[in-house]
Amino acid sequence: MTVAPSRSLRSSAELIRAEEPVLAHNYHPLPVVVARAEGAWVEDVEGRRYLDMLAGYSALNFGHRHPALIEAAHRQLDQLTLTSRAFHNDRLAGFAESLAALTGLDMVLPMNTGAEAVESAVKVARKWAYDVKGVPADRATIVVAADNFHGRTTTIVSFSTDESARAGFGPFTPGFRVVPYNDLAALETAIDETTAAVLIEPIQGEAGVVIPDDGYLRGVREVTRRTGCLFIADEIQSGLGRTGRTLAVEHEDVVPDVVLLGKALGGGIVPVSAVVARREVLQVLRPGEHGSTFGGNPLAAAVGSAVVELLETGEFQRRAEEAGVVLRDGLTALVGKGVRSFRARGLWAGVDIDPAIGTGREISESLMREGILVKDTHGSTIRLAPPLTITNEDLTMALGTLEQILRKGA
Ligand SMILES: *Cc1c(COP(=O)(O)O)cnc(C)c1O
């Protein structure tokens, strides 16, 4: 039986208008209404095609509807979708084994969203501080970096330095110390005997793809080891192939105590996140102390296992590195021609546009009109993070379109 693709009954403009009175205004999306997608390309309600250069903030590292991932999901949908952790399911052990092996760590705590993985790591680090390190009750601190992005829960925005993420949402959770990113001396000064962990992004995505100096991640590893606190790397956006390695920390040959994964772990199909850690850390959790109804569900585990299988070949990491050269070369050629500066690693770039040409939002809208989807971050910065499956031809075409827009003005 073939199923005809469903067609939207309303136009893009009607659908955008229909959202306004019924949908919370917590986003400001570009005015494109996506109805179908495959690989690096999406199609709107009217059948216009766009190259997706955002890839769901790295949730779509393998592109839209990667055949192996869709097949794994379909197979599992016909078998078993949810048990809750009240029972075992036949997919979870294999998922945890393969994910631990992929990251070089021992144990997995499966959750759903990225923010939940971060929350879980905060709880685990505090419990480890009390049970293993011997920090007095309720005194544990966690050191974080300025301009971080770790999610949107009450506790996580408590240690955000972005006023728009915090204002109006207090009172906040105590126990966090904020230091400048990429500053080892400040980090070391903030650590004391109450410190459970240092929590950082190996590359700050939301801040504009901010890459720390060479040696920073090795330094964080050294300082945390020497002072006896945990190194938690939030690889929710930087991990799973994006930077040309399985994890971004691999660029400095560093193994953190705890790695947080999400976004691409769900293959662009379902939310799947995980805290992956050394046994000494995750073993502090006992039955009843933490959990999630959907965490580790068989559908998530089946898709997550298929994601790990794709990464085990190394093909996507290599592809990110190769296409990353095309991206870097293309952006280098635009510096001084509308691009002020950029930062790139693998297939991931933050591009600072000359503000005289337009805001990041205006550039994003101009690119959209030319069939390229990107997202601005702060001010005049746009973020490029296409699916790792993008062809060199498509990537070159997108860079050419950006060049034209920078020449003409947004
Ligand atoms: C997206 C993101 C999160 C939060 O993930 P959600 O699934 O949106 O909750 C946390 N940390 C980093 C680095 C992220 O990029």
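Residues numbered from 1 in each chain as written. Predicted model: local features only at pLDDT ≥ 70, side-chain atom pairs only at ≥ 80, totals over all residues. Heavy atoms only, no water.

**Section: the sheet that holds strand S3 (residues 49-52)**
Then step 1. Across the sheet, four strands lie side by side as S1-S2-S3-S13; this open sheet has mixed pairing. In this open sheet, the two strands that pair with only one neighbour each are strand S1 (34-38) and strand S13 (372-373). (Pairing = 2+ DSSP bridges. Helix = DSSP H or I, 4+ residues; strand = E, 2+ residues; numbered from the N terminus.)

**Considering the site of the ligand**
Then step 1. Taken together, Thr113, Gly114, Ala115, Phe149, His150, Gly151, Glu201, Asp234, Ile236, Gln237 and Lys263 are the residues near the ligand.
Then step 2. One of the backbone nitrogen or oxygen atoms of Ala115 is found 2.8 Å away from an oxygen atom of the ligand.
Then step 3. At a separation of 2.7 Å, a nitrogen atom of the ligand approaches a polar side-chain atom of Asp234.
Then step 4. Against a free-state accessible area of 380 Å², the protein chains account for coverage of 81% of the ligand.
Then step 5. Within the shell around the ligand, the residues separate by chemical class into three nonpolar, five polar and three charged. (Near = heavy atom within 4 Å. Polar contact = N/O pair within 3.5 Å; in protein donor to acceptor, adjacent residues only side chain to side chain. Areas by Shrake-Rupley, 256 points an atom, 1.4 Å probe, with all protein chains shown as cover. Nonpolar A, V, L, I, M, F, W, Y, C, P; charged D, E, K, R; others polar.)

**So, the sheet that holds strand S14 (residues 375-376)**
Then step 1. Read across the open sheet, the four strands follow the order S11-S12-S15-S14; overall the sheet is antiparallel. Edge positions in the sheet fall to strand S11 (339-344) and S14, since each of these pairs with one other strand and no more.
Then step 2. Relative to the sheet, helix H12 (residues 315-334) contacts S11, strand S12 (349-353) and strand S15 (381-384), its axis offset from that of S11 by approximately 160°.
Then step 3. Taken strand by strand, helix H13 (residues 360-369) contacts S12, S14 and S15, and its axis lies near 45° from that of S15. (Contact = heavy atoms within 4.5 Å. Axes fitted to C-alpha atoms, helices over the stretch in contact; angles between N-to-C directions.)

**Topic: the packing of helix H4 (residues 92-103) against helix H11 (residues 298-312)**
Then step 1. Closest axis-to-axis distance for the H4/H11 pair is 9 Å, and the angle between their directions is 30°. Handedness of the crossing formed by H4 with H11: left-handed. Here Leu92, Gly94, Phe95, Ser98, Leu99 and Leu102 of H4 come into contact with H11, specifically with Ala301, Gly304, Ser305, Val308, Leu311 and Glu312.
Then step 2. The residue makeup of the contact of H4 with H11, split by class, is seven nonpolar, four polar and one charged. (Left-handed = near helix turned anticlockwise from the far one by under 90°.)

**A few points about the domain arrangement of the protein chain**
Then step 1. The assigned domain composition of the protein chain is domain 1 (12-65 + 315-408) and domain 2 (67-312).
Then step 2. Put simply, the middle of domain 1 and the middle of domain 2, counted by C-alpha atoms, are 26 Å apart.
Then step 3. Every contact between the two is made by 29 residues of domain 1 and, on the other side, 31 residues of domain 2.
Then step 4. Of the roughly 2500 Å² buried where domain 1 meets domain 2, counting both sides, 58% is carbon and sulfur surface.
Then step 5. In this assembly, domain 1 and domain 2 are joined by two salt bridges.
Then step 6. Our count for the domain 1 to domain 2 interface comes out at 17 residue pairs in polar contact (both at pLDDT 80 or more).
Then step 7. Every element with two or more residues in the side of domain 1 that touches domain 2 is listed here: helix H2 (55-58), H12, S11, S12 and S15. (Domains from an automatic or database assignment. Buried area = accessible area lost by both parts, 1.4 Å probe. Salt bridge = Lys/Arg side-chain N within 4 Å of Asp/Glu carboxyl O.)

**Focus on the side chain of Asp44**
Then step 1. Counting through the fold element by element, Asp44 comes out in strand S2 (residues 41-44).
Then step 2. A polar atom in the side chain of Asp44 sits 3.0 Å from the backbone nitrogen of Glu46.
Then step 3. Those residues in contact with Asp44, other than ones at most four positions away along the chain, are Ser12, Val32, Val33, Val34, Ala35, Arg36 and Tyr50.

**What to know about the pattern of salt bridges**
Then step 1. Overall, the coordinates contain 22 salt bridges when judged by the stated rule.
Then step 2. Two residues, Arg75 and Glu71, come together in a salt bridge whose shortest N-O distance is 3.3 Å. Remark: Glu71 and Arg75 occur in helix H3 (residues 67-77); sequence separation between them is four residues, near one turn of the helix.
Then step 3. In this structure Glu71 comes out as partly exposed when scored by relative accessible area, which is 47%.
Then step 4. Ionic pairing is found between Lys375 and Asp376, a salt bridge with its closest N-O pair at 3.5 Å.
Then step 5. Overall, Asp376 belongs to the buried group, its relative accessible area being 14%.
Then step 6. Here the residues in one salt-bridge network are Arg221, Asp257, Arg278 and Glu280, joined through shared partners. (Buried < 20%, exposed > 50% of the residue type's maximum accessible area, 1.4 Å probe, protein only.)

**Some words on the pairing of strand S5 (residues 141-145)**
Along a regular strand, successive side chains alternate from one face of the sheet to the other.
Then step 1. Among the five residues in S5, five count as buried, and that is most of the element.
Then step 2. Along S5, one buried face is formed by Thr141, Val143 and Ala145 and the opposite face, lined by Ile142 and Val144, is buried too.
Then step 3. As defined by bridge partners, S5 adjoins strand S7 (residues 195-200) across four bridges and the pair is classed as parallel. Bridge pairing in S7 places Thr141 opposite Thr195.
Then step 4. Inspection of the sheet shows S5 paired to strand S6 (residues 176-179) by four bridges, in the parallel sense. Counted as the bridge partner of Ala145 is Val179 from S6.

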